[in-house]
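Survey of secondary and tertiary structure
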Amino acid sequence: MFVKTLQLSISSSKKFEIIDITSEIQNLIDEIKISEGIVNVFTKHSTSSILINENEEGLLKDFENILNDLVKENNSYFHDNIDNNASSHLKSFLLSSSETIPIMNSTLDLGTWQSIFFIDLDGPRANRKINLTFIGE
Amino acid sequence: MFVKTLQLSISSSKKFEIIDITSEIQNLIDEIKISEGIVNVFTKHSTSSILINENEEGLLKDFENILNDLVKENNSYFHDNIDNNASSHLKSFLLSSSETIPIMNSTLDLGTWQSIFFIDLDGPRANRKINLTFIGE
Amino acid sequence: MFVKTLQLSISSSKKFEIIDITSEIQNLIDEIKISEGIVNVFTKHSTSSILINENEEGLLKDFENILNDLVKENNSYFHDNIDNNASSHLKSFLLSSSETIPIMNSTLDLGTWQSIFFIDLDGPRANRKINLTFIGE
């Protein structure tokens, strides 16, 4: 058994962007040679999220629309007096800062229609950090 | 310390179904003899979710109703042009693909009113797969 | 590699309360001397949640308001016939029972604007239990 910590750096190019990081994580699994265990994928930013779902263009647009329905951009939020990104934080609050994913046979053990997404809710940003913690053997 | 990976197969009998998998997971804990650690419960399907809450019939119906309020079935979603299950994916997006639960004294260390649920958002399905990764000693 | 399980006891003083537990968890990291790994933070109560975001007073008020918009207090819920706290359970259902957070250099590897919150959705309560499972070396 061992633990190994790595970090991904991601840049986003617009306010709301869903970025598929599955292959980057699989590449690191190949590199560190973990055969069985878990990887915890954790975003270090409170205006972003880590989620798992299907990478289909229309669906990702639907998801952006649903989030905008649930957390209106044009509301008057208290946090906007401090920093003009309350809606981004509130979406992140409703979603999740991390996901923990099983590794089997040196492979992310995802379903056929699952990808791992970093979601920037307050881009564009040049340097978003994602912590990856691998535990296993 | 060891890691052990197992899988549950679940079938659902209707479109929206909440299935309590607590006792199945506890049985596997007994079988593999892990006394202290964690279990990561991960659904391999992007139209389903893993959640923890109280197993009370009325509450589970309330939860179904709330999800239907938040993600309307009758909207026109882009993903429905590809596959007619956008609302199921969108509910899964808002919920979670996994939960990680502590194990103490060879027992799931849940609260009195907590059960572990697999939620099928796009049933009925004959063969849903849930990965269980046990890490501990 | 080792696993170590500890528990926090928290009391809340009102119906909805967000309590920052970051420093309590960091203190325990110092005590048990884990340098690299993860901590799983798990609430044992199905009317509460564990979340990570920015500890800014206005934002926390915005988050309370958004939750009240999404899950109305004055609806007629089935669960209210059993126990008058359906809306608290439903908010917990939409949020998360746990978060898993990386530890590096004997420190919670959070971003600058991230705190770990216990959210009581059905307070005030004298004795809320949060399980902490540390895995690493």
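The preceding data block contains the structure.
Regarding the pattern of salt bridges
- Within the structure shown, the criterion is met by 18 salt bridges over all chains.
- Between B:Glu64 and B:Lys61 there is a salt bridge, with its nearest N and O atoms 3.6 Å apart. Here the residue B:Glu64 and the residue B:Lys61 both occupy positions in helix 2 (residues 57-70), the gap between them amounting to 3 residues, near one helical turn.
- Look at B:Lys61 and you get partly exposed, because its relative accessible area is 38%.
- Among the ionic pairs, C:Lys91 bridges to C:Glu73, the shortest N-O distance being 2.9 Å. Of the two residues, C:Lys91 sits in helix 3 (residues 86-94) while C:Glu73 sits in the loop between helix 2 (57-70) and helix 3, which places them 18 residues apart along the sequence.
- It is possible to trace a salt-bridge network through shared partners that takes in A:Lys15, A:Asp122 and A:Arg125.

What about the nonpolar core?
- The biggest cluster of nonpolar side chains holds 57 residues, and the ones touching the most others in it are A:Phe63, B:Phe63 and C:Phe63.
- Not counting residues within four places of it along the chain, the set of residues in contact with C:Phe63 comprises A:Leu90, A:Phe93, A:Leu94, C:Phe16, C:Ile18, C:Leu51, C:Leu95 and C:Ile119.

Observations regarding the relation of the copies chain C and chain B
- Superposition of chain C onto chain B requires a rotation of 120° combined with a translation of 0.0 Å along the rotation axis, giving an RMSD of 0.0 Å. Read as a symmetry element, the transformation amounts to a three-fold axis.
- Taken as a fraction of all interface residues of chain C, those also at the interface in chain B reach only 19%, which identifies the copy contact as different-surface.

Cut-offs used in this document
Residues numbered from 1 in each chain as written. Chains lettered and ligands numbered in written order. Predicted model: local features only at pLDDT ≥ 70, side-chain atom pairs only at ≥ 80, totals over all residues. Heavy atoms only, no water. Salt bridge = Lys/Arg side-chain N within 4 Å of Asp/Glu carboxyl O. Helix = DSSP H or I, 4+ residues; strand = E, 2+ residues; numbered from the N terminus. Buried < 20%, exposed > 50% of the residue type's maximum accessible area, 1.4 Å probe, protein only. Core = buried A, V, L, I, M, F, W, Y, C linked by side-chain atoms within 4.5 Å. Contact = heavy atoms within 4.5 Å. Least-squares fit on C-alpha atoms with pLDDT ≥ 70 in both.

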